[in-house]
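Given next are the chains, with one letter for each unit.
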Amino acid sequence: MTIQHHLTDDLLMGYAAGSLPEAFGLVVATHISMCDACRAGLAAYEALGGAIVEDCGTQAMSDGCLAAVLARLDTPEKSLPHRRQSAGILPVPLADYVDGGLDQVKWRHLGMGVRQSILATAKGATARLLHIPAGQAVPDHGHRGMELTLVLQGAFRDDSARFGRGDVEIATAADQHTPVAELGQDCICLAVTDASLRFAGLVPRLLQPLFRI
């Protein structure tokens, strides 16, 4: 597996600082479990953040601060950013969200053979697994915000490039595309959006509220 499309510095810095919505953090955690280059980049930003904290002056703690920190320590974390990928299709950070492998995923049909499963994450962005049959196109669409798409199996192409396992496509409001799964193997992706899509066709627009896309 040779990863060609990586995370941006802004996403790595946001993850290191803990400022990303949970769904975007899930993409980052999953990608860096597969990508040595981005894992090294994250480590550099975490080291930089630690150095900045060491240089900061002391601040008085607010009332209830200690209790809040202890409460967070009692809450298990789903994302495991420094663990390597599992032997299956779903890397460890993502597998934790579905309690195992693909056989545990509860799929919902969207039409044309495409299936999705929306994952439980906090507000701010939505994460979903997509299963796209080989050779099938996703309806032409644009974006009202940012969309991160991480390929877990197979590959897809659009007007910009080819994206295979481990690659991340970063789409913004400036992008309009029609992703097509390559022949030979169904494409499975983790897709995260912070706003609804802009579909060109009437039928996808009508179905959009029902499928929460």
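Rules used throughout
- Residues numbered from 1 in each chain as written.
- Predicted model: local features only at pLDDT ≥ 70, side-chain atom pairs only at ≥ 80, totals over all residues.
- Heavy atoms only, no water.
- Helix = DSSP H or I, 4+ residues; strand = E, 2+ residues; numbered from the N terminus.
- Buried < 20%, exposed > 50% of the residue type's maximum accessible area, 1.4 Å probe, protein only.
- Contact = heavy atoms within 4.5 Å.
- Areas by Shrake-Rupley, 256 points an atom, 1.4 Å probe, with all protein chains shown as cover.
- Salt bridge = Lys/Arg side-chain N within 4 Å of Asp/Glu carboxyl O.
- Pairing = 2+ DSSP bridges.
- Arc of directions from axis to C-beta.
- Core = buried A, V, L, I, M, F, W, Y, C linked by side-chain atoms within 4.5 Å.
- Phe/Tyr/Trp six-rings, centres within 6.5 Å; stacked < 30°, edge-to-face > 60°.

(A) Summary view of the overall build of the chain. For the chain, the count of helices and strands is six helices and twelve strands. Taken over 213 residues, the chain has a buried fraction of 40%. Across the chain, contacts joining residues at least 24 apart in sequence account for 67% of those joining residues at least 6 apart. Element-wise, carbon and sulfur atoms account for 56% of the exposed surface of the chain, whose accessible area totals about 11,400 Å².

(B) Quick peek at helix α2 (residues 22-32). With ten of eleven residues buried, α2 is to be regarded as a mostly interior element. Taken together, the buried positions of α2 are occupied by A23, F24, G25, L26, V27, V28, A29, T30, H31 and I32.

(C) The arrangement of the pattern of salt bridges in detail. Using the criterion set out here, one finds three salt bridges in the structure. Across the salt bridge formed by D36 and R39, the nearest N and O atoms sit 2.2 Å from each other. With a gap of three residues between them, D36 and R39 both fall in helix α3 (residues 36-55), about one helical turn apart. Judged by relative accessible area, which is 53%, D36 ranks as exposed. The closest approach of N and O atoms between R162 and E182, which form a salt bridge, is 2.6 Å. Remark: E182 occurs in the loop between β10 (180-181) and β11 (187-193) and R162 occurs in strand β7 (residues 162-164); sequence separation between them is 20 residues. Judged by relative accessible area, R162 falls into the partly exposed class, the value being 39%. A single network of salt bridges, built from pairs that share partners, joins R157, R162 and E182.

(D) Representation of the sheet that holds β10 in the model. Across the sheet, which stays open at both edges, the three strands sit in the order β7-β6-β10 with antiparallel pairing between neighbours. Looking at the sheet topology across the chains shown, the edges are occupied by β7 and β10. Relative to β7, strand β6 (residues 155-157) runs antiparallel, the two sharing three bridges. By the bridge assignment, R157 is partnered in β7 with R162.

(E) Region of interest: helix α1 (residues 9-17). Among the residues of α1, L11, L12, G14 and Y15 are the ones counted as buried. The buried residues of α1 occupy an angular sector of 165° when projected down its axis, which confines them to one face. With respect to the buried face of α1, the exposed residues turned more than 90 degrees away are D10 and A17. Residue G18 follows α1 closely and has a positive phi angle near 75°.

(F) Fine view of the nonpolar core. Core analysis: the largest hydrophobic core is formed by 33 residues, its most contacted members being L7, I32, L94, L119, L129, L152 and L190. When residues of this core are traced back to their parent elements, those giving at least two are α1, α2, α3, α5 (92-95), β3 (126-132), β5 (147-153) and β11. With seven residues, α2 is the largest single contributor of residues to this core. Discounting residues that sit within four places of it in the chain, L190 has contacts with L26, V27, T30, L94, L119, A127, R128, L129, L148, T149, L150 and L152. Counting residues in each nonpolar core, the second largest holds twelve residues, with V114, V138, V151 and C189 among its members.

(G) Main features of unusual backbone geometry. Despite not being glycine, M112 shows a phi value in the positive range, around 60°. Summarising the element assignment, M112 is placed in the loop between β1 (108-111) and β2 (114-118).

(H) Focus on the packing of aromatic side chains. Scanning the entire structure with this criterion turns up one aromatic pair. Between the aromatic rings of F156 and F163, the centroid separation amounts to 5.1 Å while the plane-to-plane angle is 25°, which identifies the pairing as stacked. Taking the relative accessible area as the measure of exposure, F156 reaches 3% and is therefore buried. In this structure F163 comes out as buried when scored by relative accessible area, which is 4%.

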